[in-house]
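Okay, here's what each chain looks like letter by letter:
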Amino acid sequence: MMPPRSSSATRRSPNQSQVGLRSLALACGIVIATVTLVVSASSASAAPVFPKLGEITGPAPGQSFGHLDSESVAVNDFNGHILVADSLAGLVYDFSSTSDTHPTVWNGTSTPAGSFGGGLISVAVDNASGDVYVADTSHLVIDKFDASGKLISSFGDTSPTPNGQLAGLKTPAGSFSHPNALTPSDIAGGKVTPVGVAVDQATHELYVIDSGHKVVDVFSPEGSYEKQITAAPLGLYECEGRFTDGVAVNATSGHVFVSDSCLDQVFEFEPLGLSVETWTGVGSPAGSFGGYVSVAVNDASGDFYVSSTFPGVVDEFTAAGVYVGEITGTPGGNNSGVAVDQATGDVYVADNVSEAGGSAVVRIFGGTAVTLPVPLTTPASEVGPRTATLNGT
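The shown structure was predicted, so the numbers you read here are calculated from the model rather than taken from an experiment.

Asker: How do you make sense of the overall build of the protein chain when you look at a structure like this?
Answerer: Scanning the protein chain from terminus to terminus reveals one helix and 32 strands. Counting only residues that meet the buried cut, the protein chain has 51% of its 393 residues in that class. At a minimum sequence separation of 6, the contacts of the protein chain that also span at least 24 residues come to 48%. When the accessible surface of the protein chain is summed, it comes to about 16400 Å², and 56% of that surface belongs to carbon and sulfur atoms.

Asker: Honestly, the pairing of strand E28 (residues 347-351) in this entry has me stumped. Any pointers?
Answerer: Sheet faces and side chains relate simply in a regular strand, where the side chains alternate between the two faces. Among the five residues that make up E28, five are buried, leaving the element largely enclosed by the rest of the structure. Burial along E28 is two-sided: Val347, Val349 and Asp351 facing one way and Tyr348 and Ala350 facing the other are all buried. In this sheet, E28 lies alongside strand E27 (residues 335-340) in antiparallel orientation, the contact comprising five bridges. What sits directly across from Val338, in E28, is Val349.

Asker: Would you mind going over the sheet that holds strand E13 (residues 141-145) with me for this structure?
Answerer: What holds strands together in a sheet is hydrogen bonding between their backbones, with the strands either parallel or antiparallel. Pairing is antiparallel across the open sheet formed by four strands, whose spatial order is E11-E12-E13-E14. Lying at the two open borders of the sheet, with one neighbouring strand each, are strand E11 (121-125) and strand E14 (165-166). As paired strands, E11 and strand E12 (residues 132-136) are joined by five bridges and run antiparallel to one another. Residue pairing for E12: Ser122 is matched across the bridge by Ala135.

Asker: For this particular structure, what's the right way to read the nonpolar core?
Answerer: When a protein is soluble and globular, its nonpolar side chains tend to lie buried together. One finds Phe65, Tyr348 and Val362 to be the most contacted residues of the largest nonpolar core, which totals 16 residues. Elements represented by at least two residues in this core include exactly strand E7 (73-76), strand E8 (81-86), strand E9 (91-95), E28 and strand E29 (361-365). Top contributing element to this core by residue count: E9, with three residues. Contacts of Tyr348, omitting those with residues within four sequence positions, involve Val73, Val75, Ile82, Thr98, Gly337, Val338, Ala339, Asp341, Val362, Arg363 and Ile364. If you look at the next biggest cluster of nonpolar residues, it comprises 14 residues, including Ala124, Tyr133, Ile142 and Phe219.

Asker: How should I be thinking about the confidence of the model for the protein chain in this particular structure?
Answerer: Detailed reading of the predicted coordinates is not advisable wherever pLDDT is low. Overall, the prediction assigns the protein chain a mean pLDDT of 79, with 72% of residues at 70 or greater. Confidence drops under a pLDDT of 50 for residues 1-43, and excluding neighbours within four residues, the segment shows 72 contacts in the predicted structure.

Asker: Where do I start with the pattern of salt bridges in this structure?
Answerer: Close approach of charged atoms lets side chains of opposite charge pair. In the structure shown here, the tally under the stated rule is four salt bridges. Across the pair Asp351 and Arg363 runs a salt bridge whose closest N-O atoms are separated by 3.3 Å. Here Arg363 lies in strand E29 and Asp351 lies in strand E28, a separation of twelve residues in the sequence. Of the residues examined, Arg363 reaches a relative accessible area of 11% and is grouped as buried. Sharing partners across several salt bridges, the network here consists of Lys52, Glu55, Asp351 and Arg363.

Asker: Sorry, what's going on with the packing of aromatic side chains here?
Answerer: Pairs of aromatic rings are described using the distance from one ring centre to the other and the angle between the two planes. Per the counting criterion, the structure on display carries 13 aromatic pairs. Consider the rings of Tyr93 and Phe95, whose centres lie 6.5 Å apart with planes at 55°: the pair is tilted. No difference in accessibility class separates Tyr93 from Phe95, as the two residues are buried. In this structure an aromatic cluster arises from ring pairing among Phe257, Trp279, Phe289, Phe304, Phe317 and Tyr323.

Asker: Even after reading the chapter, I still don't get the sheet that holds E7, so can you show me in this structure?
Answerer: Ordered in space as E7-E8-E9-E10, the four strands form an open sheet in which the pairing is antiparallel. With one partner strand each, in any of the chains shown, E7 and strand E10 (104-106) form the two edges of the open sheet. The mean inter-strand angle of the sheet, taken between neighbouring strand axes irrespective of direction, is 20°. Pairing geometry for E9 and E10, over three bridges, is antiparallel. What sits directly across from Asp94, in E10, is Thr104.

Asker: Just to check I follow, could you spell out the side chain of Glu270 for this structure?
Answerer: Turning to its location among the elements, Glu270 is positioned in the loop between strand E21 (265-269) and strand E22 (275-279). One buried charged side chain, Glu270, makes no salt bridge at all; its nearest oppositely charged neighbour is Lys227, positioned 7.7 Å away. A distance of 2.9 Å separates the side chain of Glu270 from the backbone nitrogen of Leu272, its partner in a polar contact. Those residues in contact with Glu270, other than ones at most four positions away along the chain, are Gly254, His255 and Val276.

Asker: Looking at this model, I keep getting lost on the environment of His81. Mind explaining?
Answerer: Counting through the fold element by element, His81 comes out in strand E8. Through-space distance from the C-alpha of His81 to that of Tyr93 is 10.0 Å; in sequence the pair is twelve residues apart.

Asker: Even after reading the chapter, I still don't get the pairing of E21, so can you show me in this structure?
Answerer: Among the five residues in E21, four count as buried, and that is most of the element. Relative to E22, E21 runs antiparallel, the two sharing four bridges. Paired with Glu268 across the strands is Glu277, a residue of E22. The antiparallel pairing of E21 with E22 creates a hairpin that spans five residues between the two strands, and Gly273 there sits at a positive phi of about 100°.

Asker: Sorry, what's going on with unusual backbone geometry here?
Answerer: Most peptide bonds adopt trans geometry, and most residues besides glycine take a negative phi value. Ser159 connects to Pro160 through a cis peptide bond whose omega is 0°. Within the element layout of this structure, Pro160 appears in the loop between E13 and E14. A positive phi is found at His204, a non-glycine position, where the angle reads about 70°. Structurally, His204 can be placed in the loop between strand E15 (197-199) and strand E16 (206-210). The exposure class assigned to His204 is partly exposed, which follows from its relative accessible area of 25%. One non-glycine residue, Asp264, lies in positive phi territory at about 60°. Summarising the element assignment, Asp264 is placed in the loop between strand E20 (256-260) and E21.

What counts as what
Residues numbered from 1 in each chain as written. Predicted model: local features only at pLDDT ≥ 70, side-chain atom pairs only at ≥ 80, totals over all residues. Heavy atoms only, no water. Helix = DSSP H or I, 4+ residues; strand = E, 2+ residues; numbered from the N terminus. Buried < 20%, exposed > 50% of the residue type's maximum accessible area, 1.4 Å probe, protein only. Contact = heavy atoms within 4.5 Å. Areas by Shrake-Rupley, 256 points an atom, 1.4 Å probe, with all protein chains shown as cover. Pairing = 2+ DSSP bridges. Core = buried A, V, L, I, M, F, W, Y, C linked by side-chain atoms within 4.5 Å. pLDDT = per-residue confidence, 0-100. Salt bridge = Lys/Arg side-chain N within 4 Å of Asp/Glu carboxyl O. Phe/Tyr/Trp six-rings, centres within 6.5 Å; stacked < 30°, edge-to-face > 60°. Axes fitted to C-alpha atoms, helices over the stretch in contact; angles between N-to-C directions. Lys, Arg positive; Asp, Glu negative; His and termini not counted. Polar contact = N/O pair within 3.5 Å; in protein donor to acceptor, adjacent residues only side chain to side chain.

Quick look at the structure:
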């Protein structure tokens, strides 16, 4: 507590901070009264703040990530590891913790394709088994690994026997596909949406976005085709290089969230594929989503998180769509992906700040927002000839 600056200051209670303004005499002889400002804890509140817990800046000291996409981060609660898919490098890094400076590198050499290719890649995890799914857009397949990075060769849909990868051969379309708007050079250059993947942690089913056929395919943990989500308003359109590429499943309700970066919306479906709601960002400070949009769900609370590059924040909503708060990124950055650690509720944000002159990073935030008080002042409670006391509320 600051001591009074004037002998005429009114006495304050010990739990109040005090600021005194010394009497001033102007050249014209007018005396300005000493004003004592009393500020106490405010009942008003600022916007909720998500505490930053740390960040992963690259695969090794002095090295940076190249490019992180909408589903480039996943937390494996089976062993506590963090998986980061770097599409530019064509690699998946397996960090044992946020402080691990020498992660295990997965390069896809054990897969039938021999690599993860030159397109965008994304990851999803089954927390019960620790198994990891890697979507390889360049080869239009999903590869499955155990928690140690060993290819699970019993997974897949190839005939006569599986070979560890899923190509959509048993789906109605007969394969996964790139959007028609893409040219071969676009695909070769990596200008293609990831084949988005997510795992239902309750049923262990695998959800795969097939943007070329504008559907979400659902598979068993072994890779057997089960069903599709094709209901309106699922558009999976392409516009200005942006596609539908994010998918998340609420393990408690079974609801499926699909983010569409062309329409700047998130579609919610019930387990049978019937449309439940279309989320546009209404209620958030920005009022809408924009740019590249991705989505993640906290299974315990039902809250869902939407990352969008414009305005560069991650918005949190309750299961009913009520706005909770926002995680702000690096000024001028490019939030491109979001994931939730289902064990702790912490939120992982992939931020391509390299597009703003820095390096791509993964930032970690506490999943529970903290609301800070805002000091406000009310009219003076005591006014004298030369002094006044202003009370804060």
